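An overview of the molecular structure
So you can see what is in the structure, the chains are spelled out below.
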Amino acid sequence: MVLCLTSVERCLRFPRDWPRLTAPFRGVNALAASAALILCATTTADVPAAAARPIPVLRSNPDPRVARLEKFFRRYRCPAPYHVPEYLRAADGYGLDYRLLPAISIRETHCGVQEKDNNRLGYHPGQGGFPSIEAGIDFIGRRIAEHPFYKGKSLQGKLYTYNPRPAYPEEIQWIMRQIK
């Protein structure tokens, strides 16, 4: 493969050397393979990265949690974007209930209306934030799942550790029940 790509690069620089450069690929129709690679390389090389769009992934069974969370965030009049993929990625990656982090964001910052420094989940407010909302969601998901303060505790225990107000765990669980 490397030899083929090197030959293609040389072909682009020195077209008169095509016969010599394609000699190692006899029997595989090297000229056709080189031409296809050259065509591919030259047609995509001048497309700026910002203009390239990812190919959408079509799923036969869309995740029903996406629609539930979007409806939930609209109901609370949360500002867009809702960051649903980030919440689901954190929940799935750290083994959390997918409703937990969105419920905390509603309770702590009204899902971003009152956030500061990309701190949508109200973690130690006023003591710094996160480089992005996505980074904050991932940090809190990982912390609640893996940090020694939280690890091994029930949901009730994790929530009380997150915010030691006696009513806090029930408030979050009440918000979580609204998502289903």
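Let us look at the structure shown here. Note that the coordinates shown come from a computational prediction; the quantities given were computed from them, not determined experimentally.

Rules of the game
Residues numbered from 1 in each chain as written. Predicted model: local features only at pLDDT ≥ 70, side-chain atom pairs only at ≥ 80, totals over all residues. Heavy atoms only, no water. Helix = DSSP H or I, 4+ residues; strand = E, 2+ residues; numbered from the N terminus. Contact = heavy atoms within 4.5 Å. Areas by Shrake-Rupley, 256 points an atom, 1.4 Å probe, with all protein chains shown as cover. Core = buried A, V, L, I, M, F, W, Y, C linked by side-chain atoms within 4.5 Å. Buried < 20%, exposed > 50% of the residue type's maximum accessible area, 1.4 Å probe, protein only. Salt bridge = Lys/Arg side-chain N within 4 Å of Asp/Glu carboxyl O. Disulfide = S-S within 2.5 Å. Axes fitted to C-alpha atoms, helices over the stretch in contact; angles between N-to-C directions. Left-handed = near helix turned anticlockwise from the far one by under 90°. Nonpolar A, V, L, I, M, F, W, Y, C, P; charged D, E, K, R; others polar.

Things to note about the overall build of the protein
Helix and strand counts for the protein come out as nine helices and zero strands. Sequence-distant contacts, at least 24 apart, represent 50% of the contacts inside the protein between residues at least 6 apart. As displayed, the protein offers around 11,600 Å² of accessible surface, 58% of which is attributable to carbon and sulfur atoms.

A word on the nonpolar core
If you look at the biggest cluster of nonpolar residues, it comprises 36 residues, and the most contacted ones within it are F73, L101, I104, I144 and Y162. Counting residues per element, the ones that place at least two in this core are helix 4 (64-75), helix 5 (84-94), helix 6 (100-109), helix 7 (133-146), helix 8 (155-162) and helix 9 (168-179). No other element matches helix 5, which puts six residues into this core. When near neighbours in sequence (up to four residues on either side) are disregarded, I104 contacts L121, I144, L159, Y162, Y168 and I172.

Quick word on the pattern of salt bridges
Scanning all chains against the criterion turns up eight salt bridges. A salt bridge links R65 to D63; the nearest nitrogen and oxygen atoms lie 2.8 Å apart. You can call D63 partly exposed: its relative accessible area is 24%. Between R65 and D92 there is a salt bridge; the shortest N-O distance is 2.8 Å.

A short note on the side chain of T109
Summarising the element assignment, T109 is placed in helix 6. By relative accessible area, which is 4% here, T109 ends up buried. When sequence neighbours within four positions are dropped, the list of residues in contact with T109 reads Q114, E115, N119, R120 and G122.

Focus on the state of the cysteines
Summed over the entire model, instances satisfying the criterion amount to one disulfide. Each sulfur in the disulfide pair C78 and C111 lies 1.8 Å from the other. On the S-S bond that ties C78 to C111, the torsion sits near -110 degrees, and the link is left-handed. Of this pair, C78 sits in the loop between helix 4 and helix 5 while C111 is found in the loop between helix 6 and helix 7, placing the two residues 33 residues apart along the sequence. Just as C78 is buried, C111 falls in that class too.

Section: the packing of helix 6 against helix 9
Interaxial distance between helix 6 and helix 9 falls to 9 Å at its minimum, and their mutual angle equals 115 degrees. Along this stretch, helix 6 crosses helix 9, giving a crossing that reads as right-handed. Between helix 6 and helix 9, the residues in contact are L100, P102, A103, I104, I106, R107 and E108 and Y168, E171, I172, I175, M176 and I179, respectively. Broken down by class, the residue content of the contact of helix 6 with helix 9 amounts to ten nonpolar, no polar and three charged.

A closer look at helix 6
With eight of ten residues buried, helix 6 is to be regarded as a mostly interior element. When helix 6 is considered as a whole, its buried residues turn out to be L100, L101, P102, A103, I104, S105, I106 and T109. Structurally, helix 6 contributes buried residues whose contacts are with helix 4, helix 5, helix 7, helix 8 and helix 9. Looking one or two residues beyond helix 6, the residue adopting positive phi is H110, at roughly 50 degrees.

A word on unusual backbone geometry
For the peptide bond that leads from A80 to P81, omega is 0 degrees, which places it in the cis range. By secondary structure assignment, the location of P81 is in the loop between helix 4 and helix 5. One non-glycine residue, R77, adopts positive backbone phi at about 55 degrees. Its place among the elements puts R77 in the loop between helix 4 and helix 5. Located in the positive-phi region is H110, a residue other than glycine, with phi close to 50 degrees. Looking at where H110 falls in the secondary structure, it is placed in the loop between helix 6 and helix 7.

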